[in-house]
Structures are given as structure tokens and as C-alpha cells.
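# A structural walkthrough
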Amino acid sequence: MGAEQPGTPTAHKKQLAKVNDMSDDLNHLINKNAKGRRPQFLNTKAEEHLMSMTMALMQELAVTRERLDTLERLVAQKGVLDLPEIETYRPDAEAEAERQTAQQKLIATVMRSMEQEIHALSEQETPEVNQQLQAVNDDRAA
Amino acid sequence: MTKAAKSSPPAWHHVEQHGMFPDHDHDDVARFNFVASMNKYLAQTLGAGNELAYDKRVLPALKKELRRDPRSRHEIREAMNRDPFHSVWSAAKRNTMEQRQQISRSIVLPQADDLKERADALISEARNLELDPDLALPSYIASVDHHCMPGSYHTALIEGDVSAGANYDMGMFATTGGAMGQLTDMAGRAVVDWLKANHPTFAPKRILDIGCTIGHTTLPIAEAFPDAEVIAIDVAAPVLRYAAARAASLGIDNVRFVQADGEDLSRFEAGSFDMVYTSMFLHETSNAALRNVMAEVQRVLAPGGLTLHLEQPSYTEDMPLYEQFIRDWDAHNNNEPFWSRLHDLNILDVMQDSGFSEPELFTARVAAATVLEGPEDHGRGAAWHAYGAQKTASEGE
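Residues numbered from 1 in each chain as written. Chains lettered and ligands numbered in written order. Predicted model: local features only at pLDDT ≥ 70, side-chain atom pairs only at ≥ 80, totals over all residues. Heavy atoms only, no water.

## Considering the nonpolar core
What counts here: As used here, the term nonpolar core means buried Ala, Val, Leu, Ile, Met, Phe, Trp, Tyr and Cys residues forming a set that is joined through side-chain atoms within 4.5 Å. Note on classification: 1.4 Å probe, protein chains only; a residue is buried when its accessible area is under 20% of the maximum for its type, exposed when over 50%, partly exposed between these limits. Note on contacts: a residue pair qualifies if any of its non-hydrogen atoms lie within 4.5 Å across the two residues.
The biggest cluster of nonpolar side chains holds 127 residues, and the ones touching the most others in it are Trp12, Leu208, Ile210, Phe257, Met351 and Trp384 of chain B. Filtering out sequence-adjacent residues up to four positions away, isoleucine 210 of chain B remains in contact with Ile233, Gly262, Leu265, Val276, Tyr277, Thr278, Phe281, Val293 and Val297 of chain B.

## A word on the interface of chain A and chain B
Which entries qualify depends on this criterion: Summed over both partners, buried area is the accessible surface (1.4 Å probe) that two parts give up on being assembled. By definition, a salt bridge exists where a carboxyl oxygen of Asp or Glu is found within 4 Å of a side-chain nitrogen of Lys or Arg. Polar contacts here mean pairs of N or O atoms no more than 3.5 Å apart (in protein, one a potential hydrogen donor and the other a potential acceptor; neighbouring residues in sequence count only if both atoms are side-chain atoms). In this text, helices come from DSSP runs of H or I with a minimum length of four residues, and strands from runs of E with a minimum of two, each type numbered from the N-terminal end. Asp, Glu, Lys and Arg are counted as charged, while Ala, Val, Leu, Ile, Met, Phe, Trp, Tyr, Cys and Pro are counted as nonpolar; the rest, among them Gly, fall into the polar class.
Each side of the interface is counted separately: chain A has 43 residues, and chain B has 48 residues. Counting each side, the surface lost to burial between chain A and chain B is near 4000 Å², with a carbon and sulfur contribution of 57%. Aspartate 27 of chain B serves as the salt-bridge partner of arginine 67 of chain A, at 2.9 Å between the closest nitrogen and oxygen. For the pair chain A and chain B, the interface holds 17 residue pairs in polar contact (both at pLDDT 80 or more). Where the side of chain A that touches chain B is concerned, the elements lending two or more residues are α1 (9-20), α2 (24-30), α3 (45-78), α4 (93-110) and α6 (125-141) of chain A. The dominant element in the side of chain A that touches chain B, judged by the number of residues it contributes, is α3 of chain A, at 13 residues. In the side of chain A that touches chain B, the residues fall into 20 nonpolar, 11 polar and 12 charged.

## Section: unusual backbone geometry
All names here are of chain B. If you check the backbone angles, histidine 147 has positive phi at about 30 degrees while not being a glycine. By secondary structure assignment, the location of histidine 147 is in the loop between α6 (139-142) and α7 (163-175). Judged by its relative accessible area of 16%, histidine 147 falls in the buried class. The phi dihedral of asparagine 335 falls on the positive side, at around 50 degrees, and the residue is not glycine. Relative to the elements of secondary structure, asparagine 335 occurs in the loop between α13 (329-333) and α14 (339-344). The exposure class assigned to asparagine 335 is buried, which follows from its relative accessible area of 5%.

## Some details on empty space enclosed by the protein
With a probe scaled to a water molecule rolled over the atoms, the places where space remains empty come into view. To be explicit about the condition: Residues are called lining when one of their atoms sits within 4 Å of a cavity or pocket point, these points coming from a 1 Å grid over the protein atoms alone, where a cavity is a set in which a 1.4 Å probe fits but cannot get out and a pocket is an open set with protein on both sides within 12 Å along at least five of seven lines. Grid points are joined across faces, edges and corners, and a volume is the space filled by probe spheres set on the points.
Counted by the stated rule, this structure contains seven cavities of 30 Å³ or more. For the lining of the largest cavity, the secondary-structure elements that each account for two or more residues are α4 (84-108), α6, α7, β2 (206-210), β3 (229-234) and β5 (273-279) of chain B.

## A look at a nonpolar patch on the surface
Residues and elements named next belong to chain A. Heads up, the condition is: Like charges within 9 Å and nonpolar side chains (Val, Leu, Ile, Met, Phe, Trp, Tyr) within 5 Å are joined into patches, using only residues over 30% in relative accessible area that form no salt bridge. Here, Shrake-Rupley sampling with a 1.4 Å probe gives the accessible areas, and only protein chains in the shown set may cover a residue.
Taken together, the side chains of Val80, Leu81, Leu83 and Ile86 make up a nonpolar region of the molecular surface, amounting to roughly 380 Å² of accessible area. Looking at the secondary structure, you find leucine 81 in the loop between α3 and α4. Overall, the relative accessible area of 37% leaves leucine 81 in the partly exposed class.

## Remarks on the environment of leucine 62 of chain B
Residue and element names in this part refer to chain B. Position of leucine 62 among the secondary structure elements: in helix α2 (residues 47-66). Spatially, the C-alpha atoms of leucine 62 and glutamate 78 are 9.9 Å apart, while their sequence positions differ by 16 residues. Each residue touching leucine 62, except ones within four places of it in the same chain, is listed here: Arg67, Arg68, Pro70, Glu75, Ile76 and Ala79.

Here's what the structure looks like:
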């Protein structure tokens with residue numbers, strides 16, 4: 001497991017397959033709420049969402065920078081790419097589809113908290129969970 | 001060579017890739033690197049701001065409002081939750097917990113089938129795993145997903161699922177900034193070190209680990225006592241399956257993972273274990289469960305045997321209220337609802353109620369060799385407060 005070096009054709013293909021296999025159901029499952037009341041830290045729910053988005057964006061920016069750094073170091077090391085080519089690159093249809101899918105995944109990651117509010121609103125899970133929790137606590141305190 | 005910034009945790013790629021470790025790519029590593037750095041930044045750089053805000057504005061305003069000093073951590077919490085610095089700090093910290101879950105779930109769930117196959121090849125039901133599909137889930141597990149882990153330890157998404165275990169395993173190196181070691185086994189190693197220093201001739205033949213999850217703490221103890229039979233129990237099948245496969249992949253063959261509830265150890269005879277321990281388990285149980293567990297521990301422990309329970313320190317009267325408040329953060333903000341009440345208890349009293357006599361009881365500081373420098377990230381460093389007892393050897397022995 002994990003014996004493939006990054007950059008081998010198989011590893012590259014595998015990675016793309018992972019991105020493209022990310023169905024809506026799977027994204028829903030990845031972004032699932034943890035059972036239990038989520039505290040509100042800020043004045044409004046809207047601020048909570050903005051905070052979550054900012055944190056996720058910071059994460060993804062850090063990830064992109066790390067990837068770009070890897071890429072630049074490898075490119076420099078191997079002398080394989082004429083850097084100005086990047087400016088004139090135009091993806092073919094397959095590459096375009098893969099890139100658009102990756103965009104969707106990025107957006108779902110950043111917008112997690114909004115998705116979770118939708119899940120919570122549609123499942124009405126929270127009040128029941130809180131009641132259960134209260135019951136457990138009352139029971140234990142008795 | 002440029003040295004990493006002092007506050008940097010080790011990069012996540014240092015985590016040990018055992019045979020059950022999920023496949024992951026460049027950006028997965030980078031995401032964990034971000035979360036680990038952010039956690040450390042929140043604890044070390046911004047953490048001090050909470051106490052500053054408290055001293056400079058929250059406490060003076062609270063004293064004015066109450067016309068006295070605050071009397072409990074709860075009063076402090078209510079006031080601090082209105083403070084803009086602490087609110088944003090808390091919101092950011094909560095988000096890192098949620099992000100950590102999202103990252104590992106986005107890695108693990110798409111390969112759940114592959115991980116199950118890998119586990120199946122490593123697990124031997126006859127030797128290292130015993131599941132009980134009829135075991136009822138305790139309410140303290142069923143009612144809340146501990147530390148914001150969607151589905152907690154017990155949810156199986158497919159038949160024979162191990163994804164809960166893989167998810168838990170992957171993130172710990174990031175959440176703890178590497179402080180628990182490359183195999184997240186620092187608590188087990190700390191127990192072994194403590195035993196060697198304090199009970200150098202102790203050679204247990206049978207050891208019980210209660211609430212073992214993926215067995216990360218169990219393995220160093222099993223390795224230190226290779227002739228011992230180690231039984232590690234948990235209520236959740238997905239983490240046990242993962243634990244058995246993980247142990248096998250690491251070549252450790254003297255641990256048997258059993259699905260059982262610590263409140264009912266009736267399958268084991270009285271006095272049948274030389275050592276019984278738990279690690280950061282008690283705070284995830286309710287107070288009633290804790291009493292039942294301790295009564296069972298007392299019963300199954302052999303005369304002369306040792307029991308040891310690694311926890312965070314209780315909120316004693318001499319602990320400053322501010323420290324109690326900040327140590328309580330996880331209880332209110334990281335889905336640890338039983339944490340607060342547990343730390344109000346004197347665990348030695350509970351142990352005494354369970355039948356241990358006062359001379360048998362002790363407390364100890366159990367720390368791993370590599371304790372993080374700098375301000376404590378409460379509950380996430382490699383040092384624990386241990387509550388223990390050594391059962392008096394029977395007469396004539």
C-alpha cells in the first residue's frame with residue numbers, strides 16, 4: 001500500500017478517480033453533522049457561517065500553496081516545463097470536466113456549515129438529541 | 001537548512017503508515033498540516049489572549065455586575081462567552097475540530113470497501129477479535145457524537161465497516177500536533193515507563209484495557225509484556241475491527257479485542273486480571289456508568305494487581321477558577337458532555353465506594369518522554385493525571 005511514488009501515471013489516475021467518484025451522497029455523508037448541540041459562539045448564525053467559511057478557505061489556500069510549492073520545486077529540479085506555457089494553457093474536454101468537478105468539491109468543503117444547517121433543518125435532529133442528552137444527564141444526576 | 005518556526009508541529013507525513021493506514025494524497029497531507037498548525041496557533045499564540053481578556057475586561061466587568069468575585073467556572077464561562085476575543089477564538093477552535101473530521105472522512109469514506117477488505121485479511125475471529133452484535137450501546141455513547149466525530153465510534157456504513165476506526169486514527173496526529181507519537185501510542189508508552197519506574201518487578205500475566213477504541217494505547221503495553229494475555233474491550237464494533245487489523249499489521253499478537261461494556265464484565269471471573277486500566281475513557285462515560293465500571297474493575301482485579309486510569313486532573317478546590325473554565329472548554333464546545341461533571345468528582349472517592357480501601361488508592365503523574373513545550377493545550381498533551389489502586393495481596397500469599 002502507498003508504494004506508488006507521487007507522479008507515476010497510476011497514482012495520478014487514482015487521484016483523479018477519487019475526485020470524480022465523489023458523488024453527492026458521499027459529500028453529504030462526509031459533511032454530516034456530529035450528533036449533539038452545536039454551540040453558537042458569535043452574535044448571529046450568519047457570523048458562524050462566515051467564520052466557518054473563512055476557516056475552510058484558509059485551509060484550502062494553505063493546501064494550494066503547499067501543492068504549488070511542491071510543483072514548483074519539482075519543475076525547477078527536473079527542468080521539465082517552460083513556465084510561460086502555464087499562461088496559455090487551454091484544457092481539453094476531459095481535463096475541463098475533471099477541473100469543474102474539483103471546483104464543486106472545493107465549494108462543498110468551504111460551504112460545509114451551510115450544508116449542515118440544511119441537514120439540521122430538514123432532519124429536525126437537534127431538539128430530539130438534546131432531549132435525549134438531557135434525559136441521560138437527569139438520569140445520571142438523580 | 002531553514003529551521004521550522006518554533007510553533008510548528010511536525011508535518012503530518014511523519015505519521016507511521018501501518019498496514020491499515022488509509023491511502024491518501026498530497027493535498028490530504030497538506031490539509032492535516034493546516035489543521036495541526038492552526039490548532040497549535042490557537043493554543044499557543046492566541047490562547048494567552050483568553051486569559052488577558054479575562055483579566056483586563058471580563059473579570060472587572062463581572063465583579064461589578066455580581067458585586068463580588070465569581071464563585072464558579074460557570075459564571076466565568078457565561079461572561080467569557082460574551083467576550084468578542086474569546087467568542088472568535090472558540091468559534092475558530094470548534095471549526096478546526098469539525099475540519100479535522102471533514103478531512104479524514106473525505107479520505108476514508110471513498111475507500112471504505114478497500115479498508116474493509118484489508119481488515120478482513122488481517123483479522124482472525126478465532127484469535128484476535130470477538131464481536132457481540134447483541135451488545136446494547138450505552139446511552140452515553142448513543143446520545144452524542146463524542147468530539148464532533150459524525151457517527152462516533154460505533155456507526156457502521158457498510159457490513160464489516162472499519163471506517164470509524166480509520167477516521168479516528170488518521171486525525172489524531174494532527175489534533176495533538178504529533179505529541180502522541182507517530183502511532184498515537186504515547187499514553188501506552190507513558191504507562192509502561194511509569195510501571196518500570198514505580199513497579200520494576202511487576203509482571204502481569206493478564207491485562208484488561210477498558211474503552212480501547214483502535215487499540216493505540218493498548219499496543220505498547222502488550223509489547224512491554226509479551227508473555228501477557230491482553231484483553232482490550234470497547235462497545236463499538238467498527239473501531240474494534242480496525243484495532244484488531246491494525247495490531248496484526250504491526251505484528252502484535254497477544255491482544256484480543258472483545259466487544260463488551262465495561263459496566264458488565266460478568267464474562268470475566270473475579271480476580272482474573274493482574275492489571276486493569278483505562279486511558280482518557282472515564283470522561284466519556286456518565287457518572288452512573290463510571291460507578292458501575294469501577295465496581296467491575298474492583299471485582300475482576302486480582303489480589304496484588306494494579307489498576308490505573310489516565311485522565312485530565314479533577315477540578316479541585318485549589319485549582320483556580322479560570323483554569324477550571326478553560327479546561328472545561330471541550331465539555332461545552334467539543335461534544336464532551338460528561339467531561340465537566342466527571343472532573344467535579346473525586347475519582348478516588350468513587351473507587352473507594354467501589355470497594356477499594358483507602359490505603360490501596362493513589363494518584364500519579366504519568367507523562368510521556370516527549371511532553372510538548374510551551375503553554376498547555378489542555379487535554380491534548382502527552383501528560384496525564386492517573387488515578388489508581390493496588391489491591392492488597394490476599395492473606396497467606
